[in-house]
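# Descriptive analysis of the structure
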Amino acid sequence: MWRGMNVSFRDMLFLLVFAYLVIGAIALAHVAKNDQEQSKGQTPPGNVMVEMSWDKAIDADVDLWVQAPGDVPVGYSNKSGMIFNLVRDDLGRGGDPNSMNYEISYGRGHWPGEYVVNAMLYRVARPEIPVGAKVKVSLQNQQGQVRQVLQSNVELTHEGQETTVFRFRLDQKGELVADSMNRIHKNLRAAGSS
């Protein structure tokens, strides 16, 4: 009698564990499907997006600095202002487990006035100079459509070099003002690190 009860208890335990695993697998599949459906319709969290990337094979820390009209410069030592937030500060291959060399900053709203975008070579392994980086600026309109308005490549030749990639203006509607883009240098790092 006891022998039959042990088999029965073991079988019941097996069935309970099996049922638990099946229910868990079904629930996870349902949650993953909902996450994918939700992310399809999502738009980026900012109205002004500035992205910078550089070759993942290069061991360098290149820093993105941005400044919106009337706001403080935003970069690695000052990660947020009233308008911009530095969302990803990439430390380069040596200090980052991710293989991608990429920094991005999002701005809240379309503030009329001048925007400044700088790239700074903070650290690099000596044999890898110069370091080339690609910088893009995109704008999101009120309908949630994102379009890239500026793109440029910049070459950084020595540590500590800060280069203005873009200076541009947005109008009251958040549109790029024609002929407003220039590259007249404006130092943002020293202003943002104090």
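## Describing the overall build of the protein
Helices and strands together make up the secondary structure of the protein, namely two helices and eight strands. Secondary structure elements of the protein, listed N to C terminal, follow the sequence α-β-β-β-β-β-β-β-β-α. Buried residues in the protein amount to 36% of all 194 residues. Taking the intrachain contacts of the protein between residues at least 6 apart in sequence as the baseline, contacts between residues at least 24 apart amount to 63%. About 11,700 Å² of surface is accessible on the protein, with carbon and sulfur atoms providing 57% of the total.

## Considering unusual backbone geometry
With the exception of glycine, most residues fall at negative phi, and the peptide bonds are largely trans. At Asp179, a position not held by glycine, the phi torsion is positive, near 60°. By the element assignment, Asp179 lies in the loop between strand 8 (162-170) and helix 2 (189-192).

## Re the confidence of the model for the protein
Of the residues in the protein, 79% have a pLDDT of 70 or more, and the chain-wide mean is 81. Within the protein, helix 1 (residues 2-40) has the poorest average pLDDT of any element, 64, and strand 8 the best, 96.

## Some details on the nonpolar core
Residues Phe84 and Val117 are the most contacted members of the largest nonpolar core, which totals 31 residues. Secondary structure elements with two or more residues in this core: strand 1 (48-54), strand 2 (60-67), strand 3 (84-88), strand 5 (113-124), strand 6 (131-140), strand 7 (146-156) and strand 8. Here Val117 is in contact with Val50, Leu64, Trp65, Val66, Val135, Val137, Thr163, Thr164, Val165, Phe166 and Phe168, once residues within four sequence places are set aside. One finds Tyr76, Val116, Met120 and Leu188 within the second-largest nonpolar core, a separate group that totals five residues.

## With respect to the sheet that holds strand 3
Taken together, five strands build an open sheet; the order of strands is 3-4-1-6-7 and the sheet is antiparallel. Strand pairing shows two members of the sheet lacking a second neighbour, strand 3 and strand 7, which therefore form its edges. Going across the sheet, the axis of each strand differs from the next one's by a mean of 20°, ignoring polarity. Where strand 6 and strand 7 come together, ten bridges link them in antiparallel fashion.

## Let's talk about the environment of Ile58
One can find Ile58 in the loop between strand 1 and strand 2. The buried category is assigned to Ile58, whose relative accessible area is 14%. Sequence-wise, Ile58 and Pro130 are 72 residues apart; in three dimensions their C-alpha atoms are separated by 9.9 Å.

## Some remarks on the side chain of Gln161
Residue placement: Gln161 occurs in the loop between strand 7 and strand 8. Residue contacts for Gln161: discarding those within four places in its chain leaves Ala119, Met120, Leu121, Glu155 and Leu156.

## Overview of the packing of aromatic side chains
Summed over all chains, the structure comprises four aromatic pairs. Seen from their ring centres, Trp65 and Tyr76 are 5.7 Å apart, and the 75° between their planes marks the pair as edge-to-face. Separated by eleven residues along the polypeptide, Trp65 in strand 2 and Tyr76 in the loop between strand 2 and strand 3 bring together distant segments of the chain. No difference in accessibility class separates Trp65 from Tyr76, as the two residues are buried. An aromatic cluster is present here, built from Trp65, Tyr76 and Tyr122 joined pairwise through their rings.

Thresholds applied
- Residues numbered from 1 in each chain as written.
- Predicted model: local features only at pLDDT ≥ 70, side-chain atom pairs only at ≥ 80, totals over all residues.
- Heavy atoms only, no water.
- Helix = DSSP H or I, 4+ residues; strand = E, 2+ residues; numbered from the N terminus.
- Buried < 20%, exposed > 50% of the residue type's maximum accessible area, 1.4 Å probe, protein only.
- Contact = heavy atoms within 4.5 Å.
- Areas by Shrake-Rupley, 256 points an atom, 1.4 Å probe, with all protein chains shown as cover.
- pLDDT = per-residue confidence, 0-100.
- Core = buried A, V, L, I, M, F, W, Y, C linked by side-chain atoms within 4.5 Å.
- Pairing = 2+ DSSP bridges.
- Axes fitted to C-alpha atoms, helices over the stretch in contact; angles between N-to-C directions.
- Phe/Tyr/Trp six-rings, centres within 6.5 Å; stacked < 30°, edge-to-face > 60°.

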